[in-house]
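# Reading the structure
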Amino acid sequence: MLIDTKEAAKLLNLSTARVIQLLRESRIKGGAKMGGQRGVWVIDVPGDGPPVVLPTARQAKKAQ
(Lines give C-alpha, C1' and ligand atoms only; values in the text may rest on other atoms or scores of the structure.)
Protein backbone atom coordinates (compact mmCIF):
# COMPACT_ATOMS: atom_id res chain seq x y z
CA MET A 1 0.00 0.00 0.00
CA LEU A 2 1.37 3.43 -0.91
CA ILE A 3 1.00 6.27 1.58
CA ASP A 4 2.09 9.91 1.52
CA THR A 5 4.12 11.87 4.06
CA LYS A 6 1.04 13.12 5.94
CA GLU A 7 -0.24 9.60 6.50
CA ALA A 8 3.23 8.38 7.49
CA ALA A 9 3.57 11.25 9.95
CA LYS A 10 0.24 10.31 11.52
CA LEU A 11 1.21 6.61 11.79
CA LEU A 12 4.67 7.38 13.24
CA ASN A 13 3.48 10.22 15.49
CA LEU A 14 5.99 12.61 13.87
CA SER A 15 5.72 15.86 11.95
CA THR A 16 5.62 15.75 8.16
CA ALA A 17 8.88 17.74 8.10
CA ARG A 18 10.59 15.03 10.17
CA VAL A 19 9.22 12.29 7.90
CA ILE A 20 10.60 14.13 4.85
CA GLN A 21 13.97 14.52 6.60
CA LEU A 22 14.07 10.76 7.30
CA LEU A 23 13.15 10.04 3.68
CA ARG A 24 15.97 12.26 2.43
CA GLU A 25 18.35 10.35 4.70
CA SER A 26 17.02 7.02 3.29
CA ARG A 27 15.96 5.96 6.77
CA ILE A 28 12.36 5.03 5.92
CA LYS A 29 12.14 1.67 4.21
CA GLY A 30 10.17 1.73 0.95
CA GLY A 31 10.36 5.51 0.47
CA ALA A 32 10.69 6.94 -3.03
CA LYS A 33 10.26 10.33 -4.65
CA MET A 34 7.85 10.34 -7.58
CA GLY A 35 7.91 13.04 -10.25
CA GLY A 36 11.50 14.24 -10.22
CA GLN A 37 13.09 16.95 -8.11
CA ARG A 38 9.84 18.76 -7.31
CA GLY A 39 7.83 15.56 -6.98
CA VAL A 40 6.16 14.02 -3.97
CA TRP A 41 7.38 11.38 -1.55
CA VAL A 42 5.52 8.08 -1.32
CA ILE A 43 6.15 5.16 1.01
CA ASP A 44 5.34 1.55 0.20
CA VAL A 45 4.22 -0.14 3.42
CA PRO A 46 3.08 -3.74 3.77
CA GLY A 47 -0.47 -4.02 5.10
CA ASP A 48 -1.87 -1.39 7.45
CA GLY A 49 1.19 -1.04 9.69
CA PRO A 50 3.42 1.98 10.08
CA PRO A 51 6.49 2.55 7.88
CA VAL A 52 9.76 1.02 9.05
CA VAL A 53 12.29 3.61 10.24
CA LEU A 54 15.87 2.37 10.03
CA PRO A 55 18.37 3.25 12.79
CA THR A 56 21.33 5.53 12.23
CA ALA A 57 24.77 3.94 11.96
CA ARG A 58 25.51 5.08 15.53
CA GLN A 59 22.30 3.51 16.86
CA ALA A 60 22.95 0.25 15.02
CA LYS A 61 26.49 0.06 16.37
CA LYS A 62 25.32 0.78 19.92
CA ALA A 63 22.72 -2.01 19.72
CA GLN A 64 25.39 -4.64 19.00
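Below is a short write-up of the structure. (Residues numbered from 1 in each chain as written. Predicted model: local features only at pLDDT ≥ 70, side-chain atom pairs only at ≥ 80, totals over all residues. Heavy atoms only, no water.)

## Some thoughts on helix α1 (residues 5–12)
- Residues of α1 that are buried: T5, A8 and A9. Mapping the buried residues of α1 onto a view down its axis gives an arc of 100°, with all of them on the same face. Along α1, the residues that are exposed and aim more than 90 degrees away from the buried face are K6 and K10.
- Elements that come into contact with the buried residues of α1 comprise β1 (2–4), α2 (16–24) and β3 (40–44).
- Trailing α1 by a residue or two, N13 shows a phi angle of about 60°, which is positive. (Buried < 20%, exposed > 50% of the residue type's maximum accessible area, 1.4 Å probe, protein only. Helix = DSSP H or I, 4+ residues; strand = E, 2+ residues; numbered from the N terminus. Arc of directions from axis to C-beta. Contact = heavy atoms within 4.5 Å.)

## Re the pattern of salt bridges
- Across all of its chains, the model carries 1 salt bridge by this definition.
- Across the pair E25 and R27 runs a salt bridge, and its minimum N-O distance is 3.7 Å.
- Given the relative accessible area of 39%, E25 is considered partly exposed.
- We classify R27 as buried; its relative accessible area is 13%. (Salt bridge = Lys/Arg side-chain N within 4 Å of Asp/Glu carboxyl O.)

## Brief notes about the nonpolar core
- Core analysis: the largest hydrophobic core is formed by 10 residues, namely I3, A8, A9, V19, L22, L23, I28, W41, I43 and V45.
- When residues of this core are traced back to their parent elements, those giving at least two are α1, α2 and β3.
- Per element, the largest residue contribution to this core is 3 residues, and it comes from α2.
- Residues contacting W41, with those up to four places away along its chain left out, are I3, D4, T5, I20, L23, R24, A32 and K33. (Core = buried A, V, L, I, M, F, W, Y, C linked by side-chain atoms within 4.5 Å.)

## Focus on the sheet that holds β1
- Strand order in the open sheet formed by 3 strands is β1-β3-β2, with antiparallel pairing between adjacent strands. Across the chains shown, the open sheet's two edge strands, defined by having one partner strand only, are β1 and β2 (31–34). Strand-to-strand twist of the sheet, defined as the mean angle between neighbouring strand axes without regard to direction, takes the value 40°.
- Examined bridge by bridge, β1 and β3 share 3 bridges and lie antiparallel to one another. Residue pairing in the sheet places L2 in a bridge with D44 of β3.
- Sheet contacts for α1: β1 and β3; angle to β1, the most-contacted strand, approximately 90°. (Pairing = 2+ DSSP bridges. Axes fitted to C-alpha atoms, helices over the stretch in contact; angles between N-to-C directions.)

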